[in-house]
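# Topology and contacts: notes
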Amino acid sequence: MKPEFINPLTLAYLGDAVFEVYVREYLIVEKNILKPDPLAKEAINYVSAKAHASFMHEALANNLLSEEEIAIYKRGRNAKVKRHNKNFNVLEHNQSSGFECLIGHLYLEGKQERIQEIFEYFKEFVDK
C-alpha cells in the first residue's frame, strides 16, 4: 500500500509509534536512563506536541527537509483533528501531527535511514 493513499492521521498514528521507539532506545542506550519513572519523565521532552512543533519550525527554517517531505508534513498538518480538551493547543497539535505523518510515511516507504537522520537533528534540537 502506498503511503500517499493512506489517511494522514493514520500515518501520524503510525509515525507517533515509530518515533516513540527511537526516543525510548535513545534514552535507554545513549542517555543510559534505565528506570521506568525517569524514562517516562524524560520522554515527555521528546514526544510532546510542543517538542515536535518547535522542531518543525527549526527544520523548516534550516532547510532540513526536502520539498517532498515538506509536502507530506503539510498534508498531515492540515488534516482535520478533533479537539481533545481545554488545554489543547490546536496549532501545536496540527504541527505535531504533520511531523508524525512524515515519520509514518517514511517508515512505510522503508526509509529508516532518513528517519534516523531526522532523529539525529531532532535529538540535537531537543538536547540543546
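Please read all numbers here as calculations on a predicted model, not as lab measurements.

### Observations regarding the pattern of salt bridges
- Taken as a whole and judged by the stated rule, the model has 10 salt bridges.
- When the shortest N-O distance is used, the salt bridge between Glu-30 and Lys-123 registers 3.2 Å. Taken together, the residues span a long stretch of sequence, with Glu-30 in helix H1 (residues 8-30) and Lys-123 in helix H6 (residues 112-127) at a distance of 93 residues.
- Residue class for Glu-30 comes out exposed when judged on its relative accessible area of 54%.
- Residues Lys-123 and Glu-120 are paired through a salt bridge, measuring 3.1 Å at the closest nitrogen-oxygen approach. Here the residue Lys-123 and the residue Glu-120 both occupy positions in helix H6, the gap between them amounting to three residues, near one helical turn.

The rules behind these values
- Residues numbered from 1 in each chain as written.
- Predicted model: local features only at pLDDT ≥ 70, side-chain atom pairs only at ≥ 80, totals over all residues.
- Heavy atoms only, no water.
- Salt bridge = Lys/Arg side-chain N within 4 Å of Asp/Glu carboxyl O.
- Helix = DSSP H or I, 4+ residues; strand = E, 2+ residues; numbered from the N terminus.
- Buried < 20%, exposed > 50% of the residue type's maximum accessible area, 1.4 Å probe, protein only.

These values are about where atoms sit, not about what they do.
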